[in-house]
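Now for the letters of each chain:
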Amino acid sequence: MPINELTFWKWILPKLRNKFFLTGLIFLLWMLLFDSSNWVEMYSTRQRIRKLEEEKIYYLNKIEEDRKKIHELQTNLENLEKFAREQYLMKRPDEDIFIVDENDL
């Protein structure tokens, strides 16, 4: 055996005979691996929380953009007409609509 392994075993064997050290080691292993709120679960939960917070920021920004659009549509009739024509293909009775798909070009 190399010297490092020998000194390790000389250090660890008396510690393993100590009931307090052994109890602490078992408790630490239990908390790290087997408990319902172990560190692996805590890490994955933190990752999920971080992802959900990013989604929250994204959706709050989208809500703010939509509020601005709604306000603009409610206050300006020209924008309302433009929106209706573009989104719902509405037209006046004497008009013809031609739809050009840019993906086909």
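This structure is a prediction, so every number in the text was calculated from the model and none was measured.

Take helix H4 (residues 77–88) next. Since the α-helix packs 3.6 residues into each turn, any two residues three or four apart lie on the same face. Its 12 residues give H4 an end-to-end C-alpha distance of 16 Å, which sits within 8% of 16 Å, the value for a rise of 1.5 Å per residue. The N-cap residue of H4 is Asn76: its side-chain oxygen and the backbone nitrogen of Glu78 are 3.2 Å apart. After H4 finishes, the residue Leu89 shows a positive phi value of roughly 55°.

With respect to the element layout, Asn38 can be found in the loop between helix H2 (19–34) and helix H3 (39–75). Polar side-chain contacts of Asn38 include one of 2.8 Å to the backbone nitrogen of Glu41. In contact with Asn38, other than residues within four places in its own chain, are Met31, Leu32 and Leu33.

What follows concerns the packing of aromatic side chains. What the rule picks out here adds up to 2 aromatic pairs. Centre to centre, the rings of Tyr58 and Tyr59 are 5.1 Å apart; their planes meet at 70°, and the pair counts as edge-to-face. On the basis of an interplanar angle of 80° and a centroid distance of 6.0 Å, the ring pair of Phe83 and Tyr88 is categorised as edge-to-face.

Here we come to the environment of Leu89. Tracing the backbone through its elements, the reader meets Leu89 in the segment after H4. Sequence separation between Leu89 and Ile99 is 10 residues; the distance between their C-alpha atoms is 9.0 Å. Here Leu89 is in contact with Ala84, Ile97 and Ile99, once residues within four sequence places are set aside.

Let's shift gears to the confidence of the model for the protein. Close inspection of predicted coordinates is inappropriate for parts of the model with low pLDDT. In this model, the protein carries an average pLDDT of 84, and 96% of its residues clear a pLDDT of 70 or more. Averaged over each element, pLDDT in the protein is lowest for helix H1 (residues 3–17) (76) and highest for H3 (93).

Counted according to the given criterion, the structure contains 3 salt bridges. The salt bridge involving Glu64 is made with Arg67; its shortest N-O contact spans 3.9 Å. Of the two residues, Glu64 and Arg67 both sit in helix H3, 3 residues apart, roughly one turn of that helix. Given the relative accessible area of 37%, Glu64 is considered partly exposed. On the basis of relative accessibility, which here comes to 54%, the residue Arg67 falls in the exposed class. One continuous salt-bridge network, built from bridges that share partners, spans Glu81, Arg85 and Glu95.

Conventions adopted
- Residues numbered from 1 in each chain as written.
- Predicted model: local features only at pLDDT ≥ 70, side-chain atom pairs only at ≥ 80, totals over all residues.
- Heavy atoms only, no water.
- Helix = DSSP H or I, 4+ residues; strand = E, 2+ residues; numbered from the N terminus.
- Expected span 1.5 Å × (residues − 1).
- Polar contact = N/O pair within 3.5 Å; in protein donor to acceptor, adjacent residues only side chain to side chain.
- Contact = heavy atoms within 4.5 Å.
- Phe/Tyr/Trp six-rings, centres within 6.5 Å; stacked < 30°, edge-to-face > 60°.
- pLDDT = per-residue confidence, 0-100.
- Salt bridge = Lys/Arg side-chain N within 4 Å of Asp/Glu carboxyl O.
- Buried < 20%, exposed > 50% of the residue type's maximum accessible area, 1.4 Å probe, protein only.

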